Amino acid sequence: MLAFILQRLIQAVVVMITVAFVAFLLFQYVGDPVVFLLGQDATKEQIDQLRADLGLDQPFFIQFGHFLYNAVQGEFGLSLRQGAKVSRLIAERFPATLELALVAATLALVIGIPMGVYAALRRGTFLSQLFMTISLLGVSLPTFLIGILLILLFAVVLGWFPSFGRGDVMQLGWWSSGLMTAKGWHHIVLPAVTLAIFQLTLVMRLVRAEMLEVLRTDYIKFARARGLSNRAIHFGHALKNTLVPVMTITGLQLGGLIAFAIITETVFQWPGMGLLFIQAVTFADIPVMAAYLCLIALIFVIINLVVDLLYFAVDPRLRVGKSGGH
């Protein structure tokens, strides 16, 4: 286990250095931050002075070393558009995005896994076919269209939910949470459902496919021959082994929910990192773009490491030592 963790940590460091290098290249080849800060009317002396103050007159790899040093401390400079520290902007927006992603992922798992199990165990029934039809719609429809349709139905026509914003939030130190207020929950329903639909259908179809595959294996046939009940076979043996690939997809999709919540946050004007990134791209705000890229990469690395460790808890075959196997 220790060797496995060390190997994964080394891989994570290599990935993060690679991503940091790509983010650093944004500063080198996507616009000139000095021009953004001083404007087009700046004199050559002002440009040279600011370039020296920022360390942009130093060799490439020395600049990259300074960038890595600052990135490890969570510092990416000032936003070219807002003039504020990028770390502060990310800290303000990250709680909203994380809460939205966690609520969406919870909805996808809580609803998707039972739907997938039912569709596998009750193949051919009307409800099973209905689930499969809904999953096709969920996979096929683009996220922005789902969001617009939900706004039209539940916000405009029925008036049940608000169509934008985060609602009331509660401050817990530097963390802001909308999940501790009634209005916060009221506002998060539509964007969370919009973000969860694609993941829900993906989880459902994956669980169904894996469940059908597991039910055809020899050890399930042996369990039936021993006289075990269907409940024990389906939920004590088949479902547990089905969850191994589901965990992989769920972990990656959680990172994807955080990284690609951009469309949902734009449709619902959700004040998260996705909306901040869209604004940064629009105004070529390179420090914000670089910080977003590094943060998303770090989230994926952490999630992958956690998922790999969870394999040992779910699949006993991975816990068998080289000398203890039979």
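Summarised in this report is the structure supplied together with it.

Analysis parameters
Residues numbered from 1 in each chain as written. Predicted model: local features only at pLDDT ≥ 70, side-chain atom pairs only at ≥ 80, totals over all residues. Heavy atoms only, no water. Helix = DSSP H or I, 4+ residues; strand = E, 2+ residues; numbered from the N terminus. Buried < 20%, exposed > 50% of the residue type's maximum accessible area, 1.4 Å probe, protein only. Salt bridge = Lys/Arg side-chain N within 4 Å of Asp/Glu carboxyl O. Patch = residues over 30% accessible without salt bridge, like charges linked within 9 Å, V, L, I, M, F, W, Y side chains within 5 Å. Areas by Shrake-Rupley, 256 points an atom, 1.4 Å probe, with all protein chains shown as cover. Contact = heavy atoms within 4.5 Å. Expected span 1.5 Å × (residues − 1). Bend = angle between axes of the 7 residues up to and from the residue. Phe/Tyr/Trp six-rings, centres within 6.5 Å; stacked < 30°, edge-to-face > 60°. Polar contact = N/O pair within 3.5 Å; in protein donor to acceptor, adjacent residues only side chain to side chain. Axes fitted to C-alpha atoms, helices over the stretch in contact; angles between N-to-C directions. Left-handed = near helix turned anticlockwise from the far one by under 90°. Nonpolar A, V, L, I, M, F, W, Y, C, P; charged D, E, K, R; others polar.

On to the overall build of the protein, then. When its secondary structure is counted, the protein shows 13 helices and two strands. Across the 326 residues of the protein, 40% fall into the buried class.

With that settled, the discussion passes to the pattern of salt bridges. Under the definition given, this model contains three salt bridges. Between Arg 88 and Glu 92 there is a salt bridge; the shortest N-O distance is 2.7 Å. Note that Arg 88 and Glu 92 are positioned in helix H5 (residues 86-121) at a spacing of four residues, about one turn of the helix. In this structure, Arg 166 engages Glu 99 in a salt bridge whose closest nitrogen and oxygen atoms are separated by 3.1 Å. With Arg 166 in the loop between helix H7 (143-157) and strand S1 (170-172) and Glu 99 in helix H5, the pair connects residues that are 67 residues apart, well separated along the chain. For the pair Arg 166 and Glu 99, a shared accessibility class is recorded, and that class is buried.

The next point concerns a nonpolar patch on the surface. The grouping of Leu 137, Leu 141, Leu 149, Leu 152, Leu 153, Val 156, Val 157, Leu 158 and Trp 160 at the surface amounts to a nonpolar patch, some 850 Å² of accessible area in total. Assignment of secondary structure puts Leu 158 in the loop between H7 and S1.

What follows is about the environment of Ala 297. Relative to the elements of secondary structure, Ala 297 occurs in helix H13 (residues 286-314). C-alpha separation for the pair Ala 297 and Ala 259, spaced 38 residues apart in sequence, amounts to 9.0 Å. Discounting residues that sit within four places of it in the chain, Ala 297 has contacts with Met 16 and Val 19.

The next thing to look at is helix H8 (residues 182-215). Over its 34 residues, H8 extends only 43 Å from the first C-alpha to the last, a length that falls short of the 50 Å expected when each residue adds 1.5 Å. If you look at H8, its biggest bend is around 40°, right at Ala 196.

Looking now at the packing of aromatic side chains. In total, this model carries seven aromatic pairs according to the counting rule given. Measuring from ring centre to ring centre gives 5.9 Å for Tyr 118 and Phe 131, while their planes differ by 70°; the resulting arrangement is edge-to-face. Of this pair, Tyr 118 sits in helix H5 while Phe 131 sits in helix H6 (residues 126-140); the two residues are 13 residues apart in sequence, bridging distant segments of the chain. Classification of Tyr 118 as partly exposed rests on a relative accessible area of 31%. Here Phe 154 and Phe 161 contribute two aromatic rings whose centre-to-centre distance is 6.4 Å and whose plane-to-plane angle is 65°, an arrangement assigned as edge-to-face.

On to H5, then. In a regular helix each residue adds 1.5 Å, so 36 residues correspond to 52 Å; H5 covers 50 Å between its end C-alpha atoms and thus fits that length. Roughly 35° is the biggest bend found in H5, and it falls at Arg 93, with proline Pro 95 one to four residues downstream.

This paragraph deals with the side chain of Thr 181. By the secondary structure assignment, Thr 181 is in the loop between strand S2 (175-177) and H8. Among the polar contacts made by the side chain of Thr 181, one reaches the main-chain carbonyl oxygen of Asp 168 at a distance of 2.7 Å. Once you skip the residues sitting within four places of it in the chain, Thr 181 turns out to touch Asp 168, Val 169 and Met 170.

A word on the packing of H7 against H8. Helix packing geometry: the angle between the two helix axes and the distance between the axes. Where H7 contacts H8, the two axes come as close as 9 Å, and the packing angle between them is 145°. In the packing of H7 onto H8, the handedness of the crossing is right-handed. From H7, Thr 143, Ile 146, Gly 147, Leu 150, Phe 154 and Ala 155 reach across to H8, where they touch Leu 190, Val 193, Thr 194 and Ile 197. Of the residues in the contact of H7 with H8, the class split is seven nonpolar, three polar and no charged.

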